[in-house]
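Structural characterization, general
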Amino acid sequence: MIGTMAFDLSRIPADFFEDPFPYYASLLDGPPFMFQEDGSVLISRHALLSAVYKDVNGFSSDKKLSFGPKFGVDSRLYEHHTNSLVFNDPPLHTRVRKIITGALNPRAIRVMEPGLRRTISILLERMGKKNAQTGSVDIIEDFASQIPIQIIGDLLGIPFDERDPLRDWSLAILGALEPTVSEPQMEIGNEAVEEFQSYLRTLVEVRKKEKKDPETDVLTRLIVAQGAAELSETELLQNCIFILNAGHETTTNLIGNALFMLWRHPDQKVLLLDEPDLIDGAVEEVLRTQSPNQFGNRQTTKLIEIDGLVLKKDVNIHMCIGAANRDPDVFEKPNMFNIRRKNARNHLGFAAGPHVCVGLTLARLEAKIAVTEFLKRFGGYIIKDYSFISKRVRFRGFVSLPASL
Ligand code: HEM
C-alpha cells in the first residue's frame, strides 16, 4: 500500500519510473492537493488540472522565479527556458505562438505528409534489412526517434547531413527540467544550449540571405518576425531550440509507447490489424495511458482560492497529467488499455487552455502513419526487452526497445 502522504517529487521512489501508476492511483484516492516539502503543491485530478490550465489570470506559465535558483540566472539553460514561449505569459507567449501556429496548421501539415510517409517507408525498409542480418532492431533508435528528427529538421529547414547532433542536444536540454538535476546533467544541458545556439546563429545568417517559403518554413517565419521587430535575436534562437525539443522526445516516446502497448496487449493489436481505422482511437489511448508528458507546472499569480483551498501568490503547482489521464471520474476502468474507448481524446497529454500543444495535429499524424505502416509490415514483432525505460519523472518513454520483427 502506498501512503498518499509519502509522495514527494524531490524523493522519487526507485520503482516509480517503471510503474508510476499505483502512485498516481493513490494520489487520486487521496486529498486533491498534495503539499510538497518545498512548499509547492501537486495536483492530479482531471477537473482540477483542466481548471488550472484554463485560468490564465490565476496561474502563470512564467518560470523565472523557480528557474533562477535552479539554473542560475546567468546560465544558458536559464536564458533558453525563460525565453521559450511555453514558459512565458503574454505578450511574448502570444507573439511567438502566433508565428509558429501559422506553419503548423492543418494545411501546412498536409504538405508535410508525403515526406513523412517517405521517411517512414525508408526506415521500415532499413529495419527489415537489419533484422534479416542481425535478428534484431531497436524500435527507438532505428525508428521512433528518427521520424520527428526528420520532420522537425524539415520544419526548420536544417540540412539533412547536419541533423545528427539534434537528438542529444534535445535530450540534454529537456533533462535539465527534471525536479532534481545533478551537476553533470546541468553542465551537459548548458553545453547543449551553447552548441545548439551557435549552430543556429549560422543557420539563421544563411537563411536570412536565402529565405524559404514562410507558409511552411518556421525559421523563415521567425526571421521575418525578427525583421519586423516582433522578436529579439535571443527570442528567435531560443524558440527554435524549443520547437525542436518540444516535438522530438515527446513524439519519439508516443511512437515507442504505442508499439510497446500494442505488443503488451495482443488482443488490441489484433483488433487494430483487423480494423485499421481504429488507429485514431489507438493513438489517443496511448496518449491517455502512457502520455509522453507526465508532468507540467504552473504558478499562482495572486492569492487564489481553488477547489476550496486558498493558495498564496507564487506557489508552484505540479500538474500530474499522467494521473489525470487515469481519473476514474472521467475514464471508466481507467487502467484498461482499450483502443475503442469513446472519450480517450479527453486526455490532457497535450495540456489544455492557451498553451495547449501547438504540434498536436502533427504529432498525431506522425504516430498514426508510423504505427499503421509498422504494423502492416511487421505485425508479428516481438519486444525482447522493455527494461530500458527512461528514468525521468516528466517524460515517459523508452531509451531503447530491442525487438525482433
Ligand atoms: C506526442 C507528442 C507531443 C506531446 C505529448 C506534447 C505535449 C505538449 C504539452 C503537454 C504542452 C503544454 C506544456 C505546458 O504548457 O505546460 C506542449 C506545448 C507545446 N508543444 Fe507539444 N507535444 C508533442 C508534440 C509536439 C510537436 C510535434 C511540436 C512541434 C513541432 C510541439 C510543439 C509545442 C509547442 C510550440 C508548445 C508550446 C505551446 C505554448 O506554450 O503555447 N509539440 N506540448
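None of the values given here were measured: they were computed from a predicted structure. (Residues numbered from 1 in each chain as written. Predicted model: local features only at pLDDT ≥ 70, side-chain atom pairs only at ≥ 80, totals over all residues. Heavy atoms only, no water.)

1. Comments concerning unusual backbone geometry
- The omega torsion of the bond from Pro90 to Pro91 falls at 10°, within 30 degrees of zero and hence cis.
- Here Pro91 is to be found in the loop between α4 (76-83) and α5 (92-102).
- A positive phi is found at Asp307, a non-glycine position, where the angle reads about 50°.
- In this fold, Asp307 is placed in the loop between β6 (304-306) and β7 (309-311).
- One non-glycine residue, Ala351, lies in positive phi territory at about 65°.
- Within the secondary structure layout, Ala351 lies in the loop between α15 (321-324) and α16 (360-378).
- On the accessibility criterion, Ala351 (18% relative accessible area) is buried. (Helix = DSSP H or I, 4+ residues; strand = E, 2+ residues; numbered from the N terminus. Buried < 20%, exposed > 50% of the residue type's maximum accessible area, 1.4 Å probe, protein only.)

2. Re the pairing of strand β5 (residues 295-300)
- Of all six residues in β5, six are buried, a share of seventy percent or more.
- Residues Phe295, Asn297 and Gln299 line one face of β5 and the alternating positions Gly296, Arg298 and Thr300 line the opposite face, and both faces are buried.
- Note that strand β3 (residues 59-60) and β5 share two bridges and pair antiparallel. If you follow Phe59 over to β5, its bridge partner there is Thr300.
- With five bridges joining them, β5 and strand β8 (residues 316-320) adopt antiparallel strand pairing. Each residue of the ladder has a partner; that of Gln299, found in β8, is Asn316. (Pairing = 2+ DSSP bridges.)

3. Thoughts on the domain arrangement of the protein chain
- The assigned domain composition of the protein chain is domain 1 (1-60 + 294-348) and domain 2 (65-289 + 354-404).
- Once you take the C-alpha centre of each, domain 1 and domain 2 turn out to be 24 Å apart.
- Listed per partner, the contact involves 31 residues of domain 1 and 30 residues of domain 2.
- Both sides together, the interface formed by domain 1 and domain 2 hides about 2,800 Å², and carbon and sulfur atoms give 57% of it.
- Broken down residue by residue, the surface that domain 1 buries against domain 2 is led by Phe17, Phe337 and Ile339, which jointly contribute 32%.
- At the junction of domain 1 with domain 2, the criterion picks out three salt bridges.
- The shortest N-O distance in the salt bridge between Glu275 and Arg340 comes to 2.7 Å.
- Our count for the domain 1 to domain 2 interface comes out at 15 residue pairs in polar contact (both at pLDDT 80 or more).
- If you tally residues by element for the side of domain 1 that touches domain 2, the top one is β5, at five residues.
- Split by residue class, the side of domain 1 that touches domain 2 holds 15 nonpolar, nine polar and seven charged. (Domains from an automatic or database assignment. Contact = heavy atoms within 4.5 Å. Buried area = accessible area lost by both parts, 1.4 Å probe. Salt bridge = Lys/Arg side-chain N within 4 Å of Asp/Glu carboxyl O. Polar contact = N/O pair within 3.5 Å; in protein donor to acceptor, adjacent residues only side chain to side chain. Nonpolar A, V, L, I, M, F, W, Y, C, P; charged D, E, K, R; others polar.)

4. A look at the site of the ligand
- Taken together, the neighbourhood of the ligand is formed by 24 residues, with His93, Arg97, Arg298, His355 and Cys357 sitting nearest.
- The separation between an oxygen atom of the ligand and a polar side-chain atom of His93 is 2.5 Å.
- Within the side chain of Arg97, one N or O atom sits 2.6 Å away from an oxygen atom of the ligand.
- Listing elements by their share of the shell around the ligand, those giving two or more residues are α5, α12 (233-264) and α16.
- Take the shell around the ligand: its biggest share by element is six residues, from α12.
- Classifying every residue of the shell around the ligand by side-chain character gives 14 nonpolar, eight polar and two charged. (Near = heavy atom within 4 Å.)

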